[in-house]
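The lines below spell out each chain.
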Amino acid sequence: VKLAKKTGLTCKKSIEVIDVVFSSIKESLALGETVELRKFGVFGFRKHKAREARNPRTGELVNIPAQRHPRFKASKFLNAIINGEA
């Protein structure tokens, strides 16, 4: 609703715009790319190696495959705003 009021777009059109932005971010992350939004932050991922873990209930060894986990790092500018420094 705030986006619609600030831009003059309809609520439906505003939702479509937001959906496109987030879909683009998800697609880029799926391709292994990072997405930087200036003065906001960086969407990226962390790689975790394959490893063995132990099931605490049964004690059985379980293989955990290599994975990428999404991550967001806020910019210095955004951190300053949140902490009331800007």
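Above: the structure in question.
Keep in mind it's a predicted model, so treat the numbers as computed, not measured. (Residues numbered from 1 in each chain as written. Predicted model: local features only at pLDDT ≥ 70, side-chain atom pairs only at ≥ 80, totals over all residues. Heavy atoms only, no water.)

**Student:** Any details on helix α2 (residues 11-30)? Residues and values, ideally.
**Tutor:** For α2, which comprises 20 residues, the first-to-last C-alpha distance of 29 Å matches the rise-based estimate of 28 Å (1.5 Å per residue) to within 8%. Buried within α2 we find Ser14, Ile25, Ser28 and Leu29. Down the axis of α2, the smallest arc covering the buried residues is 110°, so these residues share one side. The exposed residues of α2 that point more than 90 degrees off its buried face are Lys12, Ile15, Val20, Lys26, Glu27 and Ala30. Buried-residue contacts for α2 involve α1 (2-7), β1 (35-37), β2 (41-48) and β5 (67-74). Once α2 ends, the next one or two residues include Gly32, with phi positive near 85°. (Helix = DSSP H or I, 4+ residues; strand = E, 2+ residues; numbered from the N terminus. Expected span 1.5 Å × (residues − 1). Buried < 20%, exposed > 50% of the residue type's maximum accessible area, 1.4 Å probe, protein only. Arc of directions from axis to C-beta. Contact = heavy atoms within 4.5 Å.)

**Student:** Please give an account of the pattern of salt bridges that cites residues and values.
**Tutor:** For the coordinates displayed, the defined rule picks out two salt bridges. Arg38 is the salt-bridge partner of Glu36, the closest N and O atoms lying 3.5 Å from each other. (Salt bridge = Lys/Arg side-chain N within 4 Å of Asp/Glu carboxyl O.)

**Student:** Could you give an account of the packing of aromatic side chains, with specific residues and numbers?
**Tutor:** Within the structure shown, the criterion is met by two aromatic pairs. Taken together, a centroid distance of 5.5 Å and an interplanar angle of 50° make the contact between Phe40 and Phe72 tilted. Taken together, the positions of Phe40 in the loop between β1 and β2 and Phe72 in strand β5 put the pair 32 residues apart, joining distant regions of the chain. By relative accessible area, which is 38% here, Phe40 ends up partly exposed. A relative accessible area of 35% places Phe72 in the partly exposed class. An angle of 50° between the planes, with centres 4.8 Å apart, marks the rings of Phe43 and Phe72 as tilted. Linking Phe43 in strand β2 with Phe72 in strand β5, this pair joins segments that are 29 residues apart in sequence. By relative accessible area, which is 17% here, Phe43 ends up buried. For Lys39, the ring lying beneath its charged end belongs to Phe77, and the centroid distance is 5.1 Å. Taking NZ or CZ as reference, Arg68 lies 4.8 Å from the ring centre of Phe45, over its face. (Phe/Tyr/Trp six-rings, centres within 6.5 Å; stacked < 30°, edge-to-face > 60°. Lys NZ or Arg CZ within 6 Å of the ring centre and 35° of its normal.)

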